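# Structure at a glance
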Amino acid sequence: VQLQASGGGLVQAGGSLRLSCAASGRAFSSYVMGWFRQTPGKERKFVAAISRSDGSTYYADSVKGRFTISRDNAKNTVYLQMNGLKPDDTAVYFCAARYITGFGVTAKQNDYDYWGQGTLVTVSS
């Protein structure tokens, strides 16, 4: 599967952005989808993940209550709605896909099989 992330940009603190990740290739509904983020010189960190079809979600504590992950299997797209953005949210955001037949929602980046190219989110103070 190929992943194409978009929607990044510059926003003021307290603002909102919605990231999208469009997938092509094998059946999108076969994949657990996740979002990760990375700042220069630091490890890539988990942000959120969503199950294949029942909508179960999992968030990093740092974004819980502010970010919402969702997916539209008919459009082969996963979204990350980001509200209440803070300067600390500034990062390159990556979407990722994990092919699995079971539940499989995970925060471990090594569990994901495919990665998008990343989209930059900059939050100004």
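Here the structure is a predicted model, which is why all the values come from computation and not from measurement. (Residues numbered from 1 in each chain as written. Predicted model: local features only at pLDDT ≥ 70, side-chain atom pairs only at ≥ 80, totals over all residues. Heavy atoms only, no water.)

## Focus: the environment of Phe46
Stated precisely, the cut-off is as follows: To qualify as a helix, a DSSP run of H or I must reach at least 4 residues; to qualify as a strand, a run of E must reach at least 2; elements of each kind are numbered from the N terminus. Summary of the burial criterion: residues with accessible area below 20% of their type's maximum are buried, those above 50% are exposed, and those between are partly exposed, where the area comes from a 1.4 Å probe applied to protein chains only. Should any heavy atoms of two residues lie within 4.5 Å, those residues are considered in contact.
Inspection of the secondary structure assignment puts Phe46 in strand 5 (residues 45-50). Its relative accessible area of 14% is what places Phe46 among the buried residues. On a C-alpha basis, the gap between Phe46 and Tyr93 in space is 9.8 Å, while along the polypeptide they are 47 residues apart. In this structure, Phe46 is in contact with Trp35, Phe36, Tyr58, Tyr59, Ala60, Thr106 and Ala107, ignoring residues within four places of it in sequence.

## Side note on the packing of aromatic side chains
Let me state the cut-off plainly: Two rings belonging to Phe, Tyr or Trp (six-membered ring only in the last case) form a pair when the distance between their centres is within 6.5 Å. Interplanar angles under 30 degrees mark stacking, angles over 60 mark edge-to-face geometry, and anything in between is tilted. Charge over a ring is defined by NZ of Lys or CZ of Arg lying within 6 Å of the ring centre and within 35 degrees of the ring normal.
Within the structure shown, the criterion is met by seven aromatic pairs. Centroid distance Phe36 to Phe46: 5.6 Å. Interplanar angle 75 degrees. Geometry classified as edge-to-face. Of this pair, Phe36 sits in strand 4 (residues 31-38) while Phe46 is found in strand 5, placing the two residues ten residues apart along the sequence. Following the ring pairs from residue to residue traces out a cluster consisting of Phe36, Phe46, Tyr58, Tyr112 and Trp115. Its end group placed over the ring of Phe94, Arg44 keeps NZ or CZ at 5.0 Å from the ring centre. Note that Arg71 overlies the ring of Phe28, its terminal NZ or CZ placed 4.4 Å from the centroid.

## Let's talk about the pattern of salt bridges
Put simply, the rule reads: Any Lys or Arg side-chain nitrogen found within 4 Å of a carboxyl oxygen on Asp or Glu counts as a salt bridge.
With the rule as written, the count across this model stands at three salt bridges. Here Asp61 ties to Lys64 by a salt bridge, and the two come within 3.1 Å at their closest N and O atoms. Take Asp61: its relative accessible area is 66%, and that puts it in the exposed class. Close ionic contact of Arg66 with Asp89 constitutes a salt bridge, the shortest N to O distance being 2.7 Å. You can see Arg66 sitting in the loop between strand 6 (57-59) and strand 7 (67-72) and its partner Asp89 sitting in the loop between strand 8 (77-82) and strand 9 (91-99), a full 23 residues away along the chain. Owing to a relative accessible area of 14%, Arg66 belongs among the buried residues under this scheme. Taking the relative accessible area as the measure of exposure, Asp89 reaches 2% and is therefore buried. Here the salt bridges do not stand alone but share partners, grouping Arg37, Arg66 and Asp89 into one network.

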